[in-house]
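Each chain, letter by letter, is given below.
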Amino acid sequence: MVKKIAATEELKEKLANARAKSDAIATSELRATRAFYDAYLGMIIVFLSNKCMFGFPSEVGEGLAGASVKDLAEVEVTPSGEGLHWKTLDVDLSIPALMNGIFGTKKWMAELAIKGEVPLLLQNLKHLD
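Now for a look at the structure at hand.

Calculation notes
Every chain is numbered on its own, with residues counted from 1 as its sequence reads. For this predicted model, a pLDDT threshold of at least 70 governs which residues receive local features, and a threshold of 80 or more governs which side-chain atom pairs are given and counted, while totals over whole chains, interfaces and linings are taken from all residues. Side-chain metrics in this entry use all non-hydrogen atoms of the structure; hydrogen atoms and water are not considered. What counts as a helix is a DSSP run of H or I of at least four residues, what counts as a strand is a run of E of at least two, and both are numbered from the N terminus. Burial here depends on accessible area, computed with a 1.4 Å probe over protein chains only, as a share of the maximum for the residue type. Under 20% is buried, over 50% is exposed, and the range in between is partly exposed. Contacts are residue-level and defined by heavy atoms, with any inter-residue pair within 4.5 Å sufficient. Accessible areas in this description were obtained via Shrake-Rupley with a 1.4 Å probe; residue shielding takes into account the shown protein chains only. To form a nonpolar core, buried Ala, Val, Leu, Ile, Met, Phe, Trp, Tyr and Cys residues must be joined to one another through side-chain atoms within 4.5 Å. What the arc measures is the spread of directions leading from the helix axis to the C-beta atoms. Any carboxyl oxygen of Asp or Glu within 4 Å of a side-chain nitrogen of Lys or Arg constitutes a salt bridge here. Any two strands with at least two DSSP bridges between them are considered paired. We call Phe, Tyr and Trp rings a pair once their centres come within 6.5 Å, taking the six-membered ring for Trp, and we label the pair stacked below 30 degrees between planes, edge-to-face above 60, and tilted otherwise.

1. Thoughts on the overall build of the protein chain
Point 1. Across its full length, the protein chain carries five helices and six strands.
Point 2. Out of the 129 residues in the protein chain, the part that is buried amounts to 29%.
Point 3. Summarising the internal contacts of the protein chain: among those between residues at least 6 apart in sequence, 35% fall at separations of at least 24.
Point 4. Total accessible area on the protein chain is roughly 8700 Å²; 58% of this is exposed by carbon and sulfur atoms.

2. Topic: the nonpolar core
Point 1. Among the nonpolar cores identified, the biggest contains 23 residues, and V46, F56 and L84 are the most heavily contacted of them.
Point 2. Of all the elements in the fold, those that place two or more residues in this core are β1 (32-38), β2 (43-48), β3 (53-57), β5 (83-86), β6 (91-94), α3 (95-99) and α4 (106-115).

3. Regarding unusual backbone geometry
In terms of backbone geometry, most residues other than glycine have negative phi values and most peptide bonds are trans.
Point 1. Here the phi dihedral of K51 falls at roughly 75°; this positive angle occurs in a residue that is not glycine.
Point 2. Residue placement: K51 occurs in the loop between β2 and β3.
Point 3. Unlike most non-glycine residues, D90 shows phi in positive territory, near 55°.
Point 4. Tracing the backbone through its elements, the reader meets D90 in the loop between β5 and β6.

4. Focus on α4
Point 1. Residues W108, M109 and L112 constitute the buried set of α4. Seen end-on, α4 carries its buried residues on one side only, within an arc spanning 100°. Turned more than 90 degrees from where α4 packs its buried face, K107 and I114 sit exposed.
Point 2. Two residues or fewer after α4 comes G116, characterised by a positive phi angle close to 80°.

5. A few points about the pattern of salt bridges
Point 1. Under the defined criterion, the tally for this structure stands at three salt bridges.
Point 2. As a salt-bridge pair, K14 and E10 come within 3.4 Å of each other at their nearest N and O atoms. With K14 and E10 both in helix α1 (residues 2-28), this residue pair falls four residues apart, about one helical turn.
Point 3. Take K14: its relative accessible area is 53%, and that puts it in the exposed class.
Point 4. R31 serves as the salt-bridge partner of E29, at 3.5 Å between the closest nitrogen and oxygen.
Point 5. What emerges from the salt-bridge pattern is a single network uniting E29, R31 and E82.

6. Side note on the pairing of β1
Point 1. Both β1 and β2 contribute to a ladder of six bridges, which runs antiparallel. Among the inter-strand pairings, R34 is bridged to a residue of β2, identified as F47.
Point 2. The turn linking β1 back onto β2 is made up of four residues, and G42 within it adopts a positive phi angle of 70°.

7. Side note on the packing of aromatic side chains
The relative placement of two aromatic rings is captured by the distance of their centres and the angle of their planes.
Point 1. Within this structure, the stated rule accounts for three aromatic pairs.
Point 2. Considering the side-chain rings of F56 and F103, the 6.0 Å spacing of their centres and the 35° angle between planes classify their relative orientation as tilted. Here F103 lies in the loop between α3 and α4 and F56 lies in strand β3, a separation of 47 residues in the sequence. Take F56 and F103: they sit in the same class, and that class is buried.

Right, dumping it as structure tokens:
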């Protein structure tokens, strides 16, 4: 009985420490709290945990170009707040990458640069792979 109580107390302590660590990370790193597609602007709009927001044209997101308004509107924020997900399109994009101007894979970014959609920045490409 004593061992069970000790194990339960140890588990409670570990859980409390994990929650505290998670809370510290959540307050120190930007997370998405909400996202939606603005059809008028043709932009994905993302609200962040610091009460700011940012947006990007849906056409530059890998897997989003040419998607229907209905599919784009089904954007979801991942549980961690670190990504955006479109179930119907099978697309996942990283919030930190998007905020650094990385809208997909290295190949996708090169295609955008060729089209003149976004500047080809070597600093953006080095984060890929």
